[in-house]
Amino acid sequence: MLEMLSLPPILKGLLVLAFAGFTFPVTGVYLLRMNLLPLRFMLMHGAILGGAIALAMQYNPFWTTMLVNLLMVLLMTKTSRSMQVDTGQISMFMMVISISLAFIFIYKFNVPAQDTLSLLWGSLFALSWHEVIGVLAFSGLLLAFQFQYRRKLRAVFFDREIAFSSGVNEGRLYYTIILLTAITVAAAMKLIGALLLDALLLLPALIASLHAKSLRGVIIWSCLWGGIFSLSGFFLSLAIDIPASSGVALMASVVFLVIYMNHKRFKS
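Residues numbered from 1 in each chain as written. Predicted model: local features only at pLDDT ≥ 70, side-chain atom pairs only at ≥ 80, totals over all residues. Heavy atoms only, no water.

Draft legend 1. Quick look at the overall build of the protein. Within the protein, the secondary structure is distributed over 13 helices and zero strands. Since a compact globule built from 268 residues should have a radius of gyration of about 18 Å, the 19 Å found for the protein is in line with a globular shape. Burial analysis of the protein (268 residues in total) assigns 49% to the buried set. Contacts in the protein between residues at least 24 apart in sequence constitute 74% of all its contacts with a sequence separation of at least 6. For the protein, the exposed surface amounts to about 13,800 Å²; the carbon and sulfur share of it is 67%. Here the protein carries 18 positive and 9 negative side-chain charges, and the mean point of each set is 10 Å from the other. (Helix = DSSP H or I, 4+ residues; strand = E, 2+ residues; numbered from the N terminus. Rg over C-alpha atoms; globule rule 2.2 N^0.38 Å. Buried < 20%, exposed > 50% of the residue type's maximum accessible area, 1.4 Å probe, protein only. Contact = heavy atoms within 4.5 Å. Areas by Shrake-Rupley, 256 points an atom, 1.4 Å probe, with all protein chains shown as cover. Lys, Arg positive; Asp, Glu negative; His and termini not counted. Charge placed at Lys NZ, Arg CZ, Asp CG, Glu CD.)

Draft legend 2. Focus on the environment of Ser 245. Relative to the elements of secondary structure, Ser 245 occurs in helix H13 (residues 244–267). A sequence separation of 109 residues divides Ser 245 from Leu 136, and the C-alpha atoms of the two residues are 18 Å apart. Once residues lying within four places of it in the same chain are set aside, the contact partners of Ser 245 are Trp 121, Ile 192 and Leu 196.

Draft legend 3. Geometry of helix H12 (residues 215–240). Here H12 is 26 residues long and its end C-alpha atoms lie 37 Å apart, about the 38 Å a rise of 1.5 Å per residue gives. A positive phi of about 60° marks Asp 241, the residue just after H12. (Expected span 1.5 Å × (residues − 1).)

Draft legend 4. Inspection of the packing of helix H2 (residues 25–33) against H12 at higher detail. Viewed as axis vectors pointing N to C, H2 and H12 meet at an angle of 135°, and their least axial separation amounts to 8 Å. The orientation of H2 relative to H12 falls into the category oblique. Once H2 is placed against H12, the crossing between them reads as right-handed. Residue-level inspection shows Pro 25, Val 26, Val 29 and Arg 33 of H2 in contact with H12, the latter providing Leu 215, Val 218, Ile 219, Ser 222, Cys 223 and Gly 226. In the contact of H2 with H12, the residues fall into seven nonpolar, two polar and one charged. (Axes fitted to C-alpha atoms, helices over the stretch in contact; angles between N-to-C directions. Parallel < 35°, antiparallel > 145°, perpendicular 65-115°, else oblique. Left-handed = near helix turned anticlockwise from the far one by under 90°. Nonpolar A, V, L, I, M, F, W, Y, C, P; charged D, E, K, R; others polar.)

Structure follows, in structure tokens:
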């Protein structure tokens, strides 16, 4: 197994998955605390649209997906502010229209089925060094944002109106969180695919919420669990010859079931 780590694609995959695992669950906490799960579904469908466009036009799927998600977020936020429409309703509409456009591109440009399915399970070992550097840089940015605004974020998570009355620009923080989430979803889909996205974003945050006693503890434990799942799932995939994304999801699911059952038994 160690000999495989000398191969550049394997090494790049391990490096990126480790950094993503230790940082991306932060946005999972944001999604849960701010009840933004509809946004996650919209971004997943947007990432599929970006991937379909890239495959049809022979562009780079990573950056195309990122651009499509950012444009969808900008459109959603602008529409919600100008028309005073709930972001959940807008995200549902954009989810439907984006997946419709994705299938139109796939159909009209005769995108091969195998390439289409790669949008669903990711392509961890096909990353270029530019993409690796991009993910590592974003991981650092995500941690820096959490550290810099940790007190303001705590106030916003507690109550947005109280945070605003206390002088916190909750609107700016809210849209920054949406922007960071959009980039995270696009990057995570490139790594482990749409179908297993929750294994890297939501399951670590859910597990941490079951045993952590504070928001700080939830953030720290989410990152730790995400890193543990990423590393253990990666090496499990090498050991038994399964996709890395499946290994990560399997480890996260097993730990979630164990901790959830213990938590339920303890409360009863």
